[in-house]
Amino acid sequence: MNIIEILLIIACALIVIGTVIGAVIRKKKGRGGCCGADCKSCTYCPKNNDKKL
Amino acid sequence: MLKFALAGNPNSGKTTLFNNLTGSTAHVGNWPGVTVDKKEGTYKKCAEPISIVDLPGIYSLSPYTPEEIITRNFILDEQPDCVINIVDATNLERNLYLTTQIMEIDVPMIIALNMIDEVKKSGATIDGKTMEEKIGIPVVEISALKGIGIDLLMKRAYEVCKEKRKGTTVLKNSALSHLINDVKIALSGSGKVDNPLFHAIKLVEMDVLEKEAHKELIKLVDDFKETFDDDVFGSDFEAVVADSRYKYISANFSTVLTKPKSDDKGFTKSDKIDLILTHKWWGIPIFLIIMFAVFHLTFSEDLFYLGTLGIIPDNFVSLKGTIFEGLLGSGAVNSPGVILFNFLDSCTGALNDIIVAAMENNSQWAVSLVSDGILGGIFSILSFLPQILILFLFFSILEDSGYMARAAFILDRIFRKFGLSGRAFLPMIMGFGCSVPAMINTRTLADENERTATIRVIPFFSCGAKLPILTAIAGGIVMQFGVGNADVITYSMYILGITVAVLSVMFMKNTTMKGDSSPFIMELPAYHSPQFKNLMLHLWDKVKHFIKKAFTIILASSIVIWFISHFSWNWEYLPEKQINESILAGIGQLIQPIFTPLGFGSQLKSFGWVFVVAAITGLIAKENVIATLGTLAATISSGFVANEALGGIDSVTQIINATEITIPALLAFIAFNMTTIPCFAAVATAKAELSKKRFNYTLLFWLAVSYIVGSVIYITGSWWWSVFIFAVIAFVTVIGIVLKNRYKPAVKKQKENN
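Parameters at a glance
Residues numbered from 1 in each chain as written. Chains lettered and ligands numbered in written order. Predicted model: local features only at pLDDT ≥ 70, side-chain atom pairs only at ≥ 80, totals over all residues. Heavy atoms only, no water. Helix = DSSP H or I, 4+ residues; strand = E, 2+ residues; numbered from the N terminus. Buried < 20%, exposed > 50% of the residue type's maximum accessible area, 1.4 Å probe, protein only. Expected span 1.5 Å × (residues − 1). Phe/Tyr/Trp six-rings, centres within 6.5 Å; stacked < 30°, edge-to-face > 60°. Polar contact = N/O pair within 3.5 Å; in protein donor to acceptor, adjacent residues only side chain to side chain. Patch = residues over 30% accessible without salt bridge, like charges linked within 9 Å, V, L, I, M, F, W, Y side chains within 5 Å. Areas by Shrake-Rupley, 256 points an atom, 1.4 Å probe, with all protein chains shown as cover. Salt bridge = Lys/Arg side-chain N within 4 Å of Asp/Glu carboxyl O. pLDDT = per-residue confidence, 0-100. Contact = heavy atoms within 4.5 Å. Core = buried A, V, L, I, M, F, W, Y, C linked by side-chain atoms within 4.5 Å.

Asks: Can you walk me through the overall build of chain A in this structure?
Replies: Counting its secondary structure elements, chain A contains one helix and zero strands. Here chain A, with 53 residues, has 19% of them falling under the buried criterion.

Dropping the structure here:
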């Protein structure tokens with residue numbers, strides 16, 4: 001394997017791992033299922049169940 | 001940081017003003033209820049940065065809808081430094097109803113008299129100065145759309161926020177003013193209540209939240225009720241208060257506004273257009289024609305059917321032998337979407353050749369990984385970007401002009417018959433763009449059953465990500481079999497999605513979600529020319545989203561697909577002809593039989609598993625379906641030159657050749673992908689919006705619907721299956737009739753015995 005092929009393998013691994021980690025972080029932050037704005041007074045945010053009417 | 005809130009009626013232009021102030025690109029639609037939650041941004045042109053909060057549109061501060069609760073809670077609890085009340089100047093009296101309620105809160109406020117340009121254009125006039133004197137609150141005339149008066153509005157809002165303001169009411173001359181005063185004194189006396197005037201009026205109205213919070217004062221209101229009897233409203237205090245507000249508005253502001261020009265019948269220009277576009281009988285055909293025109297301009301390879309009609313001679317615009325070969329059709333003119341698609345396809349092809357040439361000294365696997373895997377995956381969907389943009393440009397024009405709001409009104413007639421209101425259709429229209437915001441938008445539906453049903457059918461309205469599937473397969477069918485037109489196939493599939501949605505709602509409303517649909521009352525916005533800036537913002541949003549996905553999820557998926565399609569279970573690199581021994585083929589072949597009733601299962605040749613694998617990768621992101629076909633096409637096609645990244649349509653054509661799949665099976669494949677479980681992001685949104693039980697049923701629902709729809713299309717499209725199915729139906733019917741006849745006398749006999 002030459003240097004380009006090694007770099008290609010590393011780049012592919014980084015892209016796949018980075019995408020998966022990025023998706024996990026976004027999910028943990030709660031993005032995707034909510035508007036992404038301030039959750040404090042959002043009556044739909046699961047963290048504010050007590051505020052739900 | 002100072003915090004200003006934007007509050008006003010639905011479709012009064014709050015989000016347009018928000019975007020103007022903050023430079024944001026929040027979705028703006030010319031229909032009420034686009035914003036269902038608050039959004040924040042920063043305005044930096046004042047002496048100090050100001051946080052701007054865009055609140056959902058509301059008609060009152062009574063807690064009847066989620067939007068009203070969000071807005072009311074924000075103004076009362078978060079105590080913004082200033083409330084900018086956006087008032088639609090073309091509907092002054094109705095908009096001021098909310099103003100009279102915000103005035104009652106102890107918060108600095110300013111009125112932004114929006115759409116002043118529309119008022120002037122219609123020939124009407126509004127006297128802002130007189131209005132300011134009468135209401136006692138600063139009034140600034142603006143046009144959020146055209147950016148008129150924005151700086152002055154913010155300058156005055158900044159001045160206003162520096163001074164404290166006590167709530168004032170327009171109910172001083174109301175029959176309930178004494179009671180309001182008594183309640184206010186009682187609330188102020190406790191010392192624990194902010195905004196006593198607002199709470200006092202709401203308690204007199206018997207607002208549910210106030211009754212809960214101030215139980216000790218309910219008796220005071222009830223005692224007064226016993227002695228009170230209005231000629232019209234009896235002891236309905238909420239109605240009395242509302243009537244008093246409107247009387248005040250009418251008495252004070254009818255002279256401020258001179259009515260717009262109208263003809264003898266009192267029709268405005270918008271009314272006249274609506275007489276045709278929302279007509280009882282022509283409304284729906286016109287809607288279908290407009291939608292077809294949009295698809296024709298985006299996907300047709302025979303624009304205006306000039307070729308079919310013989311107006312364009314063969315090879316008239318073929319440009320054969322030039323670098324523009326393929327940009328225009330032979331004997332016909334391509335639609336703008338197809339021209340741009342062909343152009344981008346040629347560019348990506350040339351780029352691939354350059355990269356492959358540069359890598360000629362590397363191993364075959366490295367060249368294949370870059371060309372077939374990475375470039376094949378990305379290029380196969382990237383070439384569809386122009387068509388996606390053109391389609392959404394047309395949708396944005398229809399939306400901004402106000403026609404989409406009419407579409408909801410027109411389709412309300414159909415949807416209502418099947419148990420859904422036109423209100424539910426608005427999120428569905430958003431589903432044409434992306435299912436995620438569409439599902440969030442369902443929060444405006446008060447009825448939980450209606451909301452669940454709407455979330456379930458939103459994915460049937462093909463989003464931008466599904467467009468490459470439709471276009472590539474439709475293009476493949478036209479190229480390989482020479483039947484139909486790509487625009488007709490794509491349009492039919494969109495209509496199929498809407499039909500499946502209607503049938504699904506019908507089914508749900510008659511089984512698990514019985515109940516009447518909520519009434520649909522929507523104010524139709526006035527028609528106006530779409531703003532270039534707004535259209536470009538919509539498109540830029542699409543481009544950003546598409547590129548981001550292409551270089552993250554789709555790129556990563558293509559790499560993974562390439563690896564598991566080029567390596568065996570023993571992790572040995574496979575020559576291209578042995579792809580059927582790869583890990584991916586093993587997984588695909590295992591699941592393949594399940595899809596036999598849909599036409600892309602066991603009946604296909606050895607590469608048939610490709611369709612199954614593509615459908616599964618589509619669960620991550622729908623673009624992956626075509627990206628996967630693009631990654632695998634060059635490799636599996638016998639005799640095909642490898643190391644050449646193919647455009648989406650070429651990939652499909654090669655795979656059709658290799659698998660010998662039929663047209664009904666290809667249509668079933670499109671329908672399955674359109675109606676099955678949507679992408680990860682949409683599934684996560686559905687999970688957040690629904691209860692756990694309903695979410696689980698929703699997943700099952702999507703799977704069942706897609707399987708049934710795919711099967712029906714394949715079976716009815718394949719005569720031998722049709723004969724078999726009709727035979728089964730006939731057999732079951734005969735058995736049923738026989739059993740029914742045998743059962744009837746037995747029941748009759750039993751009744752006689754009783």
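The discussion continues.
Asks: Help me understand helix 17 (residues 403-417) of chain B, please; the structure alone is not making it clear to me.
Replies: The α-helix winds at 3.6 residues per turn, so residues separated by three or four positions along the chain end up facing the same way. Residue and element names in this part refer to chain B. Compared with an ideal rise of 1.5 Å per residue, which puts 15 residues at 21 Å, helix 17 spans 22 Å between its outermost C-alpha atoms and is within 8% of the ideal. Turning to helix 17, its buried residues are Tyr403, Met404, Ala405, Arg406, Ala407, Ala408, Ile410, Leu411, Asp412 and Phe415. Positive phi shows up at glycine 419, right after helix 17, with a value of about 100°.

Asks: Honestly, the packing of aromatic side chains in this entry has me stumped. Any pointers?
Replies: The relative placement of two aromatic rings is captured by the distance of their centres and the angle of their planes. All names here are of chain B. Evaluated as defined, the whole model comprises 26 aromatic pairs over all chains. Seen from their ring centres, phenylalanine 595 and phenylalanine 672 are 5.3 Å apart, and the 85° between their planes marks the pair as edge-to-face. In this pair, phenylalanine 595 sits in the loop between helix 24 (583-591) and helix 25 (609-617) while phenylalanine 672 sits in helix 28 (residues 663-675), placing the two residues 77 residues apart along the sequence. Pair check on accessibility: phenylalanine 595 and phenylalanine 672 agree, each one buried. Counting every residue linked through ring pairs, the aromatic cluster contains Phe292, Phe295, Phe299, Phe392, Phe395, Phe432, Phe461, Tyr491 and Tyr494.

Asks: What is the right way to look at the environment of Thr130(B) in this model?
Replies: Residues and elements named next belong to chain B. Considering the arrangement of structural elements, one finds threonine 130 in helix 5 (residues 128-135). For threonine 130 and valine 256, which are 126 residues apart along the polypeptide, the C-alpha to C-alpha distance reads 6.8 Å. Only 2.3 Å separates the side chain of threonine 130 from the side chain of aspartate 127, close enough to count as a polar contact.

Asks: Help me understand unusual backbone geometry in this model?
Replies: Most peptide bonds are trans, and most residues other than glycine sit at a negative phi. Residues and elements named next belong to chain B. You will see that glutamine 79, though not glycine, has its phi angle at about 45°, which is positive. Looking at the secondary structure, you find glutamine 79 in the loop between helix 2 (66-78) and strand 4 (82-88). The phi torsion at asparagine 195 lies on the positive side, around 50°, for a residue other than glycine. Within the secondary structure layout, asparagine 195 lies in the loop between helix 7 (177-190) and helix 8 (196-204). Residue asparagine 195 is classed as buried on the basis of its relative accessible area, which comes to 6%.

Asks: Is there a simple way to explain a nonpolar patch on the surface in this structure?
Replies: The grouping of Met1(A), Ile3(A), Ile4(A), Ile6(A), Leu7(A), Ile9(A), Ile10(A) and Leu14(A) at the surface amounts to a nonpolar patch, some 810 Å² of accessible area in total. Examined against the element boundaries, Ile9(A) turns out to sit in helix 1 (residues 3-29).

Asks: I tried to follow the confidence of the model for chain A on my own but got confused; where do I start?
Replies: Any region with low pLDDT has predicted coordinates that should not be read closely. Taken residue by residue, chain A gives an average pLDDT of 67. The fraction at 70 or more is 53%. The model gives residues 31-53 of chain A a pLDDT under 50, and that stretch makes 41 contacts with residues more than four places away or in other chains.

Asks: Can you help me understand the nonpolar core in this one?
Replies: Generally speaking, a soluble globular protein has its nonpolar side chains buried in company with each other. Residues and elements named next belong to chain B. If you look at the biggest cluster of nonpolar residues, it comprises 139 residues, and the most contacted ones within it are Phe425, Met428, Phe600 and Trp609. For methionine 428, the residues in contact, after removing those within four places along its chain, are Phe415, Leu420, Thr454, Val457, Ile458 and Phe461. Ranked by size, the runner-up nonpolar core spans 59 residues in total, among them Val83, Ile102, Leu113 and Val170.

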